[in-house]
Amino acid sequence: MTDTDYMHIAIAEAKNGLGLTSPNPSVGAVIVKEGNILGKGWHRKAGKPHAEREAIANALKTHSPSELKGSTIYVTLEPCSTTGRTPACVEGIIDTGITRVVYGATDPNPIHSGKADKQLLGNGIEVLSGIEKEECEQLIKPFAKRISTGLPWVIAKTAMSLDGRITRPKGEGQWLTGELAREEVHRIRAEVDAIIVGGKTVRKDNPNLTIRGDAHRAEKKQPWRVVLTEHGKKSLSNDYKLFCDEHKERTIVYEDLTLIDTLKELAQLGCNSVLLECGGGLMRQFLEQELVDEVAVFLAPIFTGGSKFGFGLGDHLERSSFLRNPRVQTFGVDTLIRGDVRP
């Protein structure tokens, strides 16, 4: 197997932590010696051991410390070089006797970027970076955006008919998409730290905004449920699910706060990523202010003639571009188009 093959294993480990690690990034690691995998690990939660130390601990369950000496560790992100809530991973690598470090993405934090290389090289450890860099960067893009801009990664999710509507005529029922597509929505919710809706959506749909079904994991905190309103909490009944269910402490109402200030507030709470599940009008405001990083559009194979459009009404958006890395999936008869809107 090649360095690329082992990095793919580390990437698979990192994906186990998607949605669980904020404000930290999702990271995976694998330790290899003479073609044998000695241990694997992934960062499970902020404040818990990082992926490198998880992999080392995993390896030591079945191998002696002497067996780890002279091994290679593959990590999706440059190992941390400073002590925070957990010890620096660089120190753990040095102490273990690992002699080669291969990582994918460079730490986006300029305070830390490149420091691992200096420490590792200074201790006689070979360093190779940039292996499967783009895929590794995809794993940490929400973290990277928050670190570099002070704003979380914003995913705009909507479901619409072929004629661009998000509603059906009265009497036809609530849902545009089928059960399989709605299950995927819960998996997307499980990736994020907050879900944003408008007060109108709360009053009209009384949503749960919870993670249900197979997407639910006990270790995943319920994402913050954020309601934006011009009229404050007084306009929203305490009987709405967001204010009386078991997750009511995870509901926030912002009154007359600008969209960018809302995102700044959520970043301060440690949110790496947020999901827009709002109506078309509010969704369009996020787009017009260029605050959306990714879209996830479910297309239902129907024409509804409903009154509401997926991205609201208004003039042409000033900027138009193809999605970056578009992914197209089908869920039953419905199609999901998902991709990044920023270069």
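S.K.: Outline the nonpolar core, supporting the account with residue identities and numerical values.
M.R.: Core analysis: the biggest nonpolar cluster contains 34 residues, and Met7, Ile31, Ile73, Tyr74, Ile93, Val101 and Leu120 have the highest contact counts within it. Elements that contribute at least two residues to this core include exactly α1 (3-15), β1 (28-33), α2 (51-60), β3 (72-77), α4 (89-96), β4 (100-105), α5 (115-122) and α6 (133-139). Non-local contacts of Ile31, meaning those with residues more than four positions away in its chain, are made with Asn36, Ile37, Leu38, Gly39, Ala55, Ile56, Ala59, Ser71, Thr72, Ile73 and Ile98. By size, the runner-up hydrophobic cluster in this structure holds 26 residues, among which are Ala156, Trp224, Val226 and Leu228.

S.K.: Help me get a handle on the pairing of strand β12 (residues 324-331), residues and values and all.
M.R.: Bridge count for β12 against strand β13 (residues 334-340) is 6 bridges, and the pairing is antiparallel. Within β13, the position partnered with Arg324 by the bridge is Asp340. Linking β12 back to β13 in an antiparallel pair, the connection comprises 2 residues, with Gly332 at a positive phi of about 65°.

S.K.: So what about the environment of Ala105? Which residues, and what values?
M.R.: Inspection of the secondary structure puts Ala105 in strand β4. For Ala105, a relative accessible area of 0% corresponds to the buried category. Apart from residues lying up to four places away in sequence, Ala105 is in contact with Thr76, Leu77, Glu78, Cys136, Glu137 and Ile140.

S.K.: Residues and numbers for the sheet that holds strand β7 (residues 194-198), please.
M.R.: Backbone hydrogen bonds are what pair the strands of a sheet, in a parallel or an antiparallel way. Read from one edge of the open sheet, 8 strands run β9-β8-β7-β10-β6-β11-β13-β12, paired in mixed fashion. A single partner strand is all that each edge strand has here, and the edge strands are β9 (251-255) and β12. Between one strand axis and the next, the sheet turns by 20° as a mean value, whatever way the strands run. Here strand β6 (residues 153-161) runs beside strand β11 (residues 294-300); their pairing, made up of 7 bridges, is parallel.

S.K.: Which residues make up the sheet that holds strand β2 (residues 36-42), and what are the values?
M.R.: If you trace the 5 strands from one edge of the open sheet to the other, you get β2-β1-β3-β4-β5, paired in mixed fashion. Two strands lie at the open edges of the sheet, namely β2 and β5 (126-129), each paired on one side alone. Taken pair by pair, the neighbouring strands of this sheet meet at an average axis angle of 15°, ignoring direction. With 5 bridges joining them, β3 and β4 adopt parallel strand pairing. Across the sheet, residue Thr72 finds its bridge partner in β4, namely Arg100. Of the strands in this sheet, β1, β2 and β3 are in contact with α2, which crosses β2 at around 135°.

Calculation criteria
- Residue positions are given per chain, counted from 1 along the sequence in the order it is written.
- Two thresholds apply to this predicted model, a pLDDT of at least 70 for residue-level local features and 80 or more for giving and counting side-chain atom pairs, whereas whole-chain, interface and lining totals are computed over all residues.
- Excluding hydrogens and water, the side-chain figures rest on all heavy atoms present in the structure.
- Here, nonpolar core means buried Ala, Val, Leu, Ile, Met, Phe, Trp, Tyr and Cys residues that are tied together by side-chain atoms lying within 4.5 Å of each other.
- Exposed residues in this analysis have more than 50% of their type's maximum accessible area, buried residues have under 20%, and partly exposed residues fall in between, with area computed by a 1.4 Å probe over protein chains only.
- Strands here mean DSSP runs of E at least two residues long; helices mean DSSP runs of H or I at least four residues long; both are numbered from the N terminus.
- Residues are treated as being in contact if the distance between any of their heavy atoms lies within 4.5 Å.
- Any two strands with at least two DSSP bridges between them are considered paired.
- Note on definitions: angles span 0 to 180 degrees between N-to-C directions of axes, and those axes are lines fitted to C-alpha atoms, for helices only across the stretch in contact.

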